[in-house]
Amino acid sequence: MSKPSDLVQGTLDLLLLKTVALEPLHAWAIGQRLKQFSGDVLQVSDGSLYPSLHKLEQEGWITAEWKPSENNRRAKFYSLTRLGRRQLEKEASNWTRLSDAISSVVRLKRA
C-alpha cells in the first residue's frame, strides 16, 4: 500500500526545479522547504534528493555554487538555469495535465 509521502514517479524533478526557482538553496534546505511547502506531507530522503540534484545538474537545468550556509559551513547552493526554467514550465504543464486527468477519474460517480 502506498504512503502519503510517496511521490508519483517523475514528480521529484518538478518539485526540485520549482523549489530552486524560488531562491538558491543547499540540499538540506531544499528538503526542508519541500516538507514545509507541503505541510509536512512530502519528505525526500537523502538517497533520492542527492542523485536527483546531480541528475538535474548534469542535464543543465540547475547549477551549483559553493558558499557558506546559514551556520557558516560550506554548502553547495543550487540555482535554476535558463534551460531549467524552460524545463520547469514543461514539467509543470505536464503535471497539470496529468493531475487534471487523474482528478477526473477519481471524481467519477457510480451510475
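Residues numbered from 1 in each chain as written. Predicted model: local features only at pLDDT ≥ 70, side-chain atom pairs only at ≥ 80, totals over all residues. Heavy atoms only, no water.

Asks: Looking at this structure, I do not really get the overall build of the protein chain. What am I missing?
Replies: Scanning the protein chain from N- to C-terminus turns up four helices and three strands. Helices and strands appear in the protein chain in the N-to-C order α-β-α-α-β-β-α. Projected onto its principal axes, the C-alpha positions of the protein chain cover 60 × 30 × 20 Å. Within the span of the protein chain, comprising 111 residues, buried residues form 31% of the whole. Here the analysis covers contacts within the protein chain between residues at least 6 apart in sequence; of these, 49% occur between residues at least 24 apart. Surface accessibility of the protein chain: about 8000 Å² in total, with carbon and sulfur atoms responsible for 51%. Of the side chains in the protein chain, 17 bear a positive and 12 a negative charge, and the two mean positions are spaced by 4 Å. (Helix = DSSP H or I, 4+ residues; strand = E, 2+ residues; numbered from the N terminus. Buried < 20%, exposed > 50% of the residue type's maximum accessible area, 1.4 Å probe, protein only. Contact = heavy atoms within 4.5 Å. Areas by Shrake-Rupley, 256 points an atom, 1.4 Å probe, with all protein chains shown as cover. Lys, Arg positive; Asp, Glu negative; His and termini not counted. Charge placed at Lys NZ, Arg CZ, Asp CG, Glu CD.)

Asks: Can you walk me through the pattern of salt bridges in this structure?
Replies: Scanning all chains against the criterion turns up three salt bridges. A salt bridge links Asp13 to Lys55, with the shortest nitrogen-to-oxygen separation between them at 2.4 Å. Placement of the pair is Asp13 in helix α1 (residues 11-22) and Lys55 in helix α3 (residues 46-59), with a sequence separation of 42 residues. Classification of Asp13 as buried rests on a relative accessible area of 11%. Residue Arg33 pairs with Glu23 through a salt bridge whose shortest N-O separation is 2.4 Å. (Salt bridge = Lys/Arg side-chain N within 4 Å of Asp/Glu carboxyl O.)

Asks: I keep staring at the side chain of Ser69 and nothing clicks. Help me out?
Replies: Here Ser69 shows up in the loop between β2 (62-68) and β3 (74-80). A relative accessible area of 11% means that Ser69 is categorised as buried. There is a polar contact of 2.4 Å between the side chain of Ser69 and the side chain of Asn71. Those residues in contact with Ser69, other than ones at most four positions away along the chain, are His26, Ala75 and Phe77. (Polar contact = N/O pair within 3.5 Å; in protein donor to acceptor, adjacent residues only side chain to side chain.)

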